Amino acid sequence: MTTELHSLTDIHALEHLARTRGLDALEAALDEALARVSEDARVTLEGGPTVSPRTLRMIRSVLALDAEFLRAHPEALFQCLFNRLRWFDAPDAEGHFGPTENAPWNEPDAHLYALAEHWRRQRDARGASPWLEALRPLRGNLGGSEQRFRGHEAQVLCAAFSPSGERLATGSWDDEENLRIWDVATGECTQVLQGHECEILDVAWSPDGKRLATGSRDHDMRLWDATTGELLHELTGQEGRVTSVAFSPNGRLVAAGNLGWMVRLVEVASGEVLKQLEGHAQSVLSVAFHPSGRFLASGSSDETARIWDVETGAEVARIEAQRAVSSLGFSPDGAWLAVTADEGIALVETKGWTRVRTVGGEDPYSQVAWIGNEKLGLLAYDRVVMLDAASGEILHSRPQESDGHERQVAFHPDGKRFAVTAADGVVRMNDIASEAPPAPHPELDQVGELWASPEAGLAGLSASIFAFILDGRGQVRQMRPDPYPAPGQRWVASPDGKVLAYPANQYEEEGTRALVVLLDVETLTPLRTLSVEQAPSEDGERPEPDARPIAFSADGTLIAAIVEEGAVRLWRVADGTLLHTLRGHEEPISVLSFTPDGAYVVSGSASSSRLLLHDTKSGAVVVDTTALLEPVVSYAAAARAPRICVGRDSGELELFDLATGSRRLVQVTGAVVGVDLSADGTLAAACCDDSVVRVVDTRTGAILHELPHPALPFRVAFGDGVLITKANDVHGRFFSLSTGALLSEIPGHVEPDEAVQQEDWVVLGEDENVLAIHRKQDATPRIFFHDAMEQAYILRGGVVVGRGRGEKNALYLLRIHG
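Fair warning: this is a prediction, and the values are worked out from it, not measured in the lab.

Caption draft 1: Local environment of the nonpolar core. Leu14, Leu26, Leu77, Leu81, Leu85 and Trp119 are the most contacted members of the largest nonpolar core, which totals 51 residues. Counting residues per element, this core draws most heavily on helix α6 (residues 77-86), which supplies six residues. Setting aside residues up to four positions removed in sequence, Leu14 forms contacts with Leu8, Leu26, Ile59, Leu77, Leu81 and Trp119. Core analysis: the second largest hydrophobic core is formed by 22 residues, Trp87, Phe97, Ile783 and Met789 among them.

Now the structure itself:
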């Protein structure tokens, strides 16, 4: 038996089994071994840790987490195992998480990180294939019972289990198809319903599980056939958002509460409104039927719960809650009503509608549900709680880290499991008695837009009042910028990676002054602040530019920035001396760069399609022309020659020789939406809106090749003997420069500039596809990663910085090996 324990913790044996027989066979071998090996069995690996059946279970858990990816890419087995196990119980993992009870790294048998490092040494000794090392923990509840329901593209706002517990219905913020039904056993989405035009705020099942009711921000309540997905009835034009829906116990009625202070009772069969219950003084937030069907309870932001006679529509009782009643519910035997109150949960005896006691302590709860007649399930800001309704004793309290957005919990009919909605579009189901995994620091778990200067080896993000700087060594440093960065604007690093620049604002009596702050990268302390005196506008205000681009010259000695609408300021980096104010634009400037030799500042206004080049020494305008500048900038400069080109919507490709001042106009077919120049400036490529890329000899104006595409190409780059394009069909294409022949097609988001300039470059997969890493100008991927990512950059030094797509907004920090 210990032989199996030894062989199934040997990385070479695991890789061989996955490669030759597949993932299913590997999983089966682990399951069979776990059934036979005694729990007391232990094996000490030569040069490695002591392993046990628990080790096999954790390996099996990794395979379950990454099963879909590993079936397609069994060669990535070590990568998945290492990255999951290395961070599970390593002592240095603690710094990536908030305060955690029963942390894996504090357990006496913590050994998985040591096993992962043991495997690394084994593979390195044999000569390992390329792989990606995670430099911080990956998302995923390793070893836990968590089940995830993935499919929504936006925040999930509500969830409800069917009466049998076999299905789960969820509603989201998606623009369409925002109502889904899931198989609870498999986690698969079995139905996608069209849903509402706006986000769905609540969903409820009929008692027989055949119907669904939904309420939405579009002031509608809808009834659905839960089997076919057919829309049965629609109650439109209510006074406000429909916040809560509930079926009567016999399934004949639906109650719908809205922000217009109203509750309606609707007949399920006909969709007709039978009664309107008026009386609340503010928005209705929750509704629930008494098990007898005689009464309906409604909760409101007027801090009351009201009881209505369903037959007559009369208000029969009112319960004061001292806070908005966001949730309420009757016990299955009908003896009690639970109401979210000012401190905990108010329990109301339904015989006389008397508030008897409060349970749950002083914490506010946003949701309450009965679990049988004796227990209550509660949702608090940062945890899910189960307590004894009679004594108030907390039976289970499972941490559930807040993502900062509104969410909802649904308790499974078995009384053991719950599902929580989230802003990342994923619904997570857990056992309430299970231990919660360590919670990551939220600033680095829900990241917004990343910025990067790959050639400088730097990237970063802003979160709350902090900024995080990431570098090519894989380090993450936190700082508190002062002054605070202007929202939504990118940071830029000097090419040598020694200086960071970011746009900021200074608030004065005369208005807002736009600044550029320069930071020393080594210390993350300010070097200097760049600004200018700005004259107020006619109304006495200082208008703040909408776009605040910043650019460094290639040698890092000059910096250009927009701090005033319509003008570019040029400073010397070393001492902050203002060298020139470059004017000429009448519309907002959205494009800013230097030519590769640093001799000219390039500025463009997308709204006016105007492009200017200013001489950096004299400040004089040397080129004043028009170009298409949105959605893609149709401008390019040769890397080793003083030549530029622009494309226009008139079908013109204009070529400039900056040394001689000469120009050449080439007429092509259709608008030129993207351009590039070869390094020596002798060739130009024009992406035309007839879906053809045309290669032009800049010396003669002759068209050398016409390269057809199945969709609009909009980015292009010259490489060594190849031309690489990106088109609207989310494919990259490689063409031979000598013959014009199509060499290869790559599915996914390809950035042609990166493919020809970087030693390694990334392809972001479309939809649920994975991320791939390629060598320079190589169309064949060499490494894959399980998340496609919304953004990914490879920094100088071989570190990949990315923002997750499957794991929405997760921060990835990965090192390329091999």
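Moving on from the coordinates now.
Caption draft 2: The arrangement of the sheet that holds strand β34 (residues 466-471) in detail. Read across the sheet, four strands follow the order β32-β33-β34-β35 without closing on themselves; strand pairing throughout is antiparallel. Either end of the sheet is taken by a strand with one partner, and the two such strands are β32 (451-453) and β35 (476-479). Mean inter-strand twist for the sheet, computed between neighbouring axes without regard to direction, equals 20°. Inspection of the sheet shows β32 paired to strand β33 (residues 458-463) by three bridges, in the antiparallel sense. Opposite Ala452, over in β33, you have Ala459 as the bridge partner.

Caption draft 3: Representation of the side chain of Gln191. Inspection of the secondary structure assignment puts Gln191 in strand β8 (residues 189-193). Side-chain polar atoms of Gln191 contact the backbone oxygen of Thr227, separated by 3.1 Å. Sequence-distant contacts of Gln191, that is, excluding residues within four places in its chain, are made with Leu179, Arg180, Ile181, Ala226, Thr227, Thr228 and Gly229.

Caption draft 4: Local environment of the sheet that holds strand β48 (residues 635-637). Read from one edge of the open sheet, four strands run β48-β49-β50-β51, paired in antiparallel fashion. With one partner strand each, in any of the chains shown, β48 and β51 (662-667) form the two edges of the open sheet. Each adjacent strand pair in this sheet contributes to an overall mean axis angle of 15°, direction not counted. As paired elements, strand β49 (residues 643-647) and strand β50 (residues 652-657) share five bridges and run antiparallel to each other. Bridge pairing links Arg643 to Asp657 in β50.

Caption draft 5: Inspection of empty space enclosed by the protein at higher detail. Enumeration according to the criterion identifies one cavity of 30 Å³ or more in this entry. Approximately 40 Å³ is the volume attributed to the largest cavity. Along the walls of the largest cavity sit Asp66, Gln79, Cys80, Asn83, Arg84, Leu138, Phe785 and His786, which together make up its complete lining. Here the lining of the largest cavity takes four residues from α6, the largest share from any one element. Along the lines of polarity and charge, the residues of the lining of the largest cavity split into three nonpolar, three polar and two charged.

Reading guide: rules and limits
Residues numbered from 1 in each chain as written. Predicted model: local features only at pLDDT ≥ 70, side-chain atom pairs only at ≥ 80, totals over all residues. Heavy atoms only, no water. Core = buried A, V, L, I, M, F, W, Y, C linked by side-chain atoms within 4.5 Å. Buried < 20%, exposed > 50% of the residue type's maximum accessible area, 1.4 Å probe, protein only. Helix = DSSP H or I, 4+ residues; strand = E, 2+ residues; numbered from the N terminus. Contact = heavy atoms within 4.5 Å. Pairing = 2+ DSSP bridges. Axes fitted to C-alpha atoms, helices over the stretch in contact; angles between N-to-C directions. Polar contact = N/O pair within 3.5 Å; in protein donor to acceptor, adjacent residues only side chain to side chain. 1 Å grid on protein atoms, 1.4 Å probe; cavity = no way out; pocket = protein on both sides within 12 Å on 5 of 7 lines; lining within 4 Å. Points joined across faces, edges and corners; volume = space filled by probe spheres on them. Nonpolar A, V, L, I, M, F, W, Y, C, P; charged D, E, K, R; others polar.

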